[in-house]
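# Fold and contact review
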Amino acid sequence: GENVEQHPSTLSVQEGDSAVIKCTYSDSASNYFPWYKQELGKRPQLIIDIRSNVGEKKDQRIAVTLNKTAKHFSLHITETQPEDSAVYFCAASLGSSNTGKLIFGQGTTLQVKP
Amino acid sequence: GAVVSQHPSRVICKSGTSVKIECRSLDFQATTMFWYRQFPKQSLMLMATSNEGSKATYEQGVEKDKFLINHASLTLSTLTVTSAHPEDSSFYICSASGTGGYTFGSGTRLTVV
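Residues numbered from 1 in each chain as written. Chains lettered and ligands numbered in written order. Predicted model: local features only at pLDDT ≥ 70, side-chain atom pairs only at ≥ 80, totals over all residues. Heavy atoms only, no water.

## Some details on the pattern of salt bridges
Residues and elements named next belong to chain A. This model, assessed by the stated rule, comprises five salt bridges over all chains. In this structure, Asp49 and Lys57 form a salt bridge, with 2.8 Å as the shortest nitrogen-oxygen distance. Here Arg61 and Asp84 are joined by a salt bridge, their closest N and O atoms 2.9 Å apart. Residue Arg61 is found in the loop between strand E6 (56-59) and strand E7 (62-67), and its partner Asp84 is found in the loop between strand E8 (72-77) and strand E9 (86-93); the two are separated by 23 residues along the sequence. (Salt bridge = Lys/Arg side-chain N within 4 Å of Asp/Glu carboxyl O. Helix = DSSP H or I, 4+ residues; strand = E, 2+ residues; numbered from the N terminus.)

## A closer look at the interface of chain B and chain A
Listed as interface residues are 20 residues of chain B and, on the opposing side, 19 residues of chain A. Between chain B and chain A, the buried area comes to about 1,500 Å², and carbon and sulfur atoms account for 56% of it. Linking chain B to chain A there are one salt bridge. Note that Glu59 of chain B and Lys101 of chain A form a salt bridge whose closest N and O atoms lie 3.0 Å from each other. When contributions to the side of chain B that touches chain A are tallied by element, the ones reaching two or more residues are strand E4 (32-38), strand E5 (45-51), strand E9 (90-98) and strand E10 (101-104) of chain B. A class-by-class count of the residues in the side of chain B that touches chain A yields nine nonpolar, nine polar and two charged. (Contact = heavy atoms within 4.5 Å. Buried area = accessible area lost by both parts, 1.4 Å probe. Nonpolar A, V, L, I, M, F, W, Y, C, P; charged D, E, K, R; others polar.)

## With respect to the sheet that holds strand E3 (residues 19-25) of chain B
All names here are of chain B. The four strands lie next to each other as E1-E3-E8-E7, forming an open sheet whose pairing is antiparallel. Edge strands, defined here as strands with exactly one partner in the open sheet, are strand E1 (4-7) and strand E7 (67-73). Direction aside, the axes of adjacent strands within the sheet are offset by 15° on average. Bridge analysis of E7 against strand E8 (residues 76-81) gives five bridges, and the strand direction is antiparallel. (Pairing = 2+ DSSP bridges. Axes fitted to C-alpha atoms, helices over the stretch in contact; angles between N-to-C directions.)

## Things to note about the pairing of strand E11 (residues 108-113) of chain A
Residues and elements named next belong to chain A. Burial of E11 is one-sided: the residues Thr108, Leu110 and Val112 facing one way are buried, the residues Thr109, Gln111 and Lys113 facing the other way are not. Here five bridges tie strand E2 (residues 10-14) to E11, and the two strands are oriented parallel to one another. Each residue of the ladder has a partner; that of Val13, found in E11, is Val112. In the sheet, E9 pairs with E11 via three bridges, with the strands oriented antiparallel. Bridging from a neighbouring strand, Val87 pairs with Thr109 of E11. (Buried < 20%, exposed > 50% of the residue type's maximum accessible area, 1.4 Å probe, protein only.)

## Focus on the nonpolar core
In terms of nonpolar packing, the biggest core is built from 39 residues, with Trp35, Leu75 and Phe104 of chain A together with Tyr36 and Phe104 of chain B touching the most fellow members. If one sorts the elements of this core by residue count, E9 of chain A sits on top with six residues. Beyond its immediate stretch of four places on either side in the chain, Phe104 of chain A contacts Val4, Tyr36, Phe89, Cys90 and Ala91 of chain A together with Tyr36, Ser43, Leu44 and Phe104 of chain B. Judged by nonpolar contacts, the second largest core, of 24 residues, contains Val11, Phe67, Ala84 and Val112 of chain B. (Core = buried A, V, L, I, M, F, W, Y, C linked by side-chain atoms within 4.5 Å.)

So, in structure tokens, the structure goes:
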């Protein structure tokens, strides 16, 4: 079955610096890769996603890159702010229309120091 | 946007009793519902996938007789934790898939005492 590995488990950066979180997946048939931000005790919030027919996607300070050949994708946050501090999860899904099983990475706790 | 209402948000039950968690899609039809469990400081682990009108598919290692899933309509799926034990204490969260992607419920914090 699908397996998603996420690194690092914790990441501490200074405000204004960039943060990068990396994930690899095992199933080459995976075609949808969302990133979620989760605050303690809350539901995951989708922050950006990418499909397998796209190599890069950007939304203001957040970008995601996908390397299908290597089966890895990364989240890039630029100009980090203290409110970016949270746990971030990558995920991978099979199936069309984002309806397949969503398998999550282990999570990265990001701390942005003022 | 799509909304999934999950209840209860918190529940405390005695060991040996059963607890039912409900997830309702409020403004769309959820053909498929995914149920996850999340232990403190860990990731969301997929427990099972349910499709409306059919039996749920459980992930390896998840006891289907302990975690009963019902998806009788396109707007309601329930997870019942039977004979709960302290080790079942966790954050349970549902996710409905539809044309708009994945929509998560707000989660249920279950504490078994």
